[in-house]
Structures are given as C-alpha cells and as structure tokens.
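What follows is the residue order along each chain.
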Amino acid sequence: MNNAKQKQKPPVSLRLPDSLQEFLVAEAAKGWRSLSREIVMRLEESRARQGTAQQIQKGQS
C-alpha cells in the first residue's frame, strides 16, 4: 500500500513536568534525535526490560 494512502495515527498529547521535558530534550539532542524519538526509544527499552524481568520471574517459579 502506498504510504500516502495509509491512515496516519493522531498525535498523542503528553504533559510532562518541566524538569523531565528539559532532561529528555537534552538527552535527545545528545543523540541527534527528536524529542518524540527519544521518548519512543526509552519506552521501547522499558518494555523490553519489563519483558525480560517477567521471563526471569517465570523461570524462577
């Protein structure tokens, strides 16, 4: 399917404390990423860690 024909997802509005937003903006700049990409990257890393922790817990049961 052509990208132009695909439906675009509506943007997500996210309220962050000023200090957290400033931190994320600075970290994104260090990695030459957008703020959006920085947030997605960190959420994906968190999800992966959570999945790993759940697998470890299942193995210990």
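What this report covers is the structure whose coordinates are included nearby. (Residues numbered from 1 in each chain as written. Predicted model: local features only at pLDDT ≥ 70, side-chain atom pairs only at ≥ 80, totals over all residues. Heavy atoms only, no water.)

## A look at the packing of helix 1 (residues 18-30) against helix 2 (residues 35-60)
At step 1: For the pair helix 1 and helix 2, interaxial distance at closest approach is 9 Å and the crossing angle is 100°. One finds that helix 1 runs roughly perpendicular with respect to helix 2. Packed against helix 1, whose contacting residues are Gln21, Phe23, Leu24, Val25, Glu27 and Ala28, the element helix 2 presents Leu35, Glu38, Ile39 and Arg42 at the interface.
At step 2: A breakdown of the residues in the contact of helix 1 with helix 2 according to their chemical character gives six nonpolar, one polar and three charged. (Axes fitted to C-alpha atoms, helices over the stretch in contact; angles between N-to-C directions. Helix = DSSP H or I, 4+ residues; strand = E, 2+ residues; numbered from the N terminus. Parallel < 35°, antiparallel > 145°, perpendicular 65-115°, else oblique. Contact = heavy atoms within 4.5 Å. Nonpolar A, V, L, I, M, F, W, Y, C, P; charged D, E, K, R; others polar.)

## Some details on the environment of Val40
At step 1: Structurally, Val40 is set in helix 2.
At step 2: The class of Val40 is partly exposed, set by a relative accessible area of 34%.
At step 3: C-alpha separation for the pair Val40 and Pro11, spaced 29 residues apart in sequence, amounts to 13 Å. (Buried < 20%, exposed > 50% of the residue type's maximum accessible area, 1.4 Å probe, protein only.)

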